[in-house]
Amino acid sequence: HVEQLRDEQDVPLDLPQVNADGRRITQVITNVVANAAKYSPEQTLIGITAEVREDRVQINVTDRGPGIPESEHDAVFEAFRQADNRPKEETKGAGLGLAISRGLIEAHGGDIWISESGPEGTTVSFTLPVAE
């Protein structure tokens, strides 16, 4: 169902460079976007934005899924954990994508979190330090 999705992008071309392993950060982006696609209704948009926040670049990935209860915002980044409000008929994954992403982002000196969530979507945000 990923092939059917479109995305919205707002990524400035003049973002500063970050100190990062490109393959590992590509893995993070892939994990976060795949997670957004998995929980979004078909034919909905996934938003990807980037901005500079002080000495960090912040990436935001927004889906149009059912949201994640606030009490579970931290838990979804733990290995083998997923939000409890998922459809019963859904094929569950291993619950490792966001846990792996958290480990990779923190190893790069950044942070990852649920910045917004409600009945019409969730935004996962992460930061990476700007290169000196």
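Structure report, in brief. From a predicted model like this one, the values you see are computed outputs, not experimental measurements. (Residues numbered from 1 in each chain as written. Predicted model: local features only at pLDDT ≥ 70, side-chain atom pairs only at ≥ 80, totals over all residues. Heavy atoms only, no water.)

1. Some words on the nonpolar core
Line of reasoning, step 1. Ranked by internal contacts, the top residues of the largest apolar core, which has 21 residues, are Val32, Phe77, Ile105, Ile112 and Phe126.
Line of reasoning, step 2. Sorting the residues of this core by element identifies helix H1 (22-39), strand S2 (45-53), strand S3 (56-62), helix H2 (97-107), strand S4 (112-118) and strand S5 (121-129) as the ones contributing at least two each.
Line of reasoning, step 3. Not counting residues within four places of it along the chain, the set of residues in contact with Phe77 comprises Leu98, Ala99, Arg102, Ile112, Trp113, Ile114 and Val124. (Core = buried A, V, L, I, M, F, W, Y, C linked by side-chain atoms within 4.5 Å. Buried < 20%, exposed > 50% of the residue type's maximum accessible area, 1.4 Å probe, protein only. Helix = DSSP H or I, 4+ residues; strand = E, 2+ residues; numbered from the N terminus. Contact = heavy atoms within 4.5 Å.)

2. Remarks on the side chain of Ser125
Line of reasoning, step 1. Looking at the secondary structure, you find Ser125 in strand S5.
Line of reasoning, step 2. A polar side-chain atom of Ser125 sits 2.8 Å from a polar atom in the side chain of Ser115.
Line of reasoning, step 3. In this structure, Ser125 is in contact with Gln58, Ile59, Asn60, Asp111, Ile112, Trp113 and Ser115, ignoring residues within four places of it in sequence. (Polar contact = N/O pair within 3.5 Å; in protein donor to acceptor, adjacent residues only side chain to side chain.)

3. Overview of H1
Line of reasoning, step 1. When the terminal C-alpha atoms of H1 are compared, their 26 Å separation across 18 residues agrees well with the 26 Å that a helix rising 1.5 Å per residue should span.
Line of reasoning, step 2. Of the surrounding secondary structure, the elements contacted by the buried residues of H1 are S2, S3, H2, S4 and S5.
Line of reasoning, step 3. Among the residues of H1, the N-terminal cap falls to Asp21, whose side-chain oxygen and the backbone nitrogen of Arg23 are separated by 3.0 Å. (Expected span 1.5 Å × (residues − 1).)

4. Comments concerning the environment of Glu120
Line of reasoning, step 1. Tracing the backbone shows Glu120 in the loop between S4 and S5.
Line of reasoning, step 2. We classify Glu120 as exposed; its relative accessible area is 68%.
Line of reasoning, step 3. Beyond its immediate chain neighbours, meaning those up to four positions away, Glu120 contacts Asp63, Arg64 and Gly65.

5. Observations regarding the packing of H1 against H2
The axes of two packed helices give the description: the angle between them and the distance between them.
Line of reasoning, step 1. Running from N to C, H1 and H2 cross one another at 150°; their axes reach a closest spacing of 9 Å. The pairing of H1 with H2 is recorded here as roughly antiparallel in orientation. As H1 packs across H2, the resulting crossing turns out to be left-handed. Between H1 and H2, the contacting residues are Arg24, Ile25, Gln27, Val28, Asn31, Val32 and Asn35 on the first element and Gly97, Leu98, Ile100, Ser101, Leu104 and Ile105 on the second.
Line of reasoning, step 2. For the contact of H1 with H2, the residue count by class is 7 nonpolar, 5 polar and 1 charged. (Axes fitted to C-alpha atoms, helices over the stretch in contact; angles between N-to-C directions. Parallel < 35°, antiparallel > 145°, perpendicular 65-115°, else oblique. Left-handed = near helix turned anticlockwise from the far one by under 90°. Nonpolar A, V, L, I, M, F, W, Y, C, P; charged D, E, K, R; others polar.)

6. What to know about the environment of Gly47
Line of reasoning, step 1. The residue Gly47 is located in strand S2 in this model.
Line of reasoning, step 2. Assessed through its relative accessible area of 8%, Gly47 is described here as buried.
Line of reasoning, step 3. Sequence separation between Gly47 and Thr123 is 76 residues; the distance between their C-alpha atoms is 8.7 Å.

7. Points about the side chain of Ser40
Line of reasoning, step 1. Mapped onto the elements, Ser40 comes out in the loop between H1 and S2.
Line of reasoning, step 2. A relative accessible area of 6% places Ser40 in the buried class.
Line of reasoning, step 3. There is a polar contact of 3.3 Å between the side chain of Ser40 and the backbone nitrogen of Arg64.

Purely geometric stuff here, so don't read any function into it on its own.
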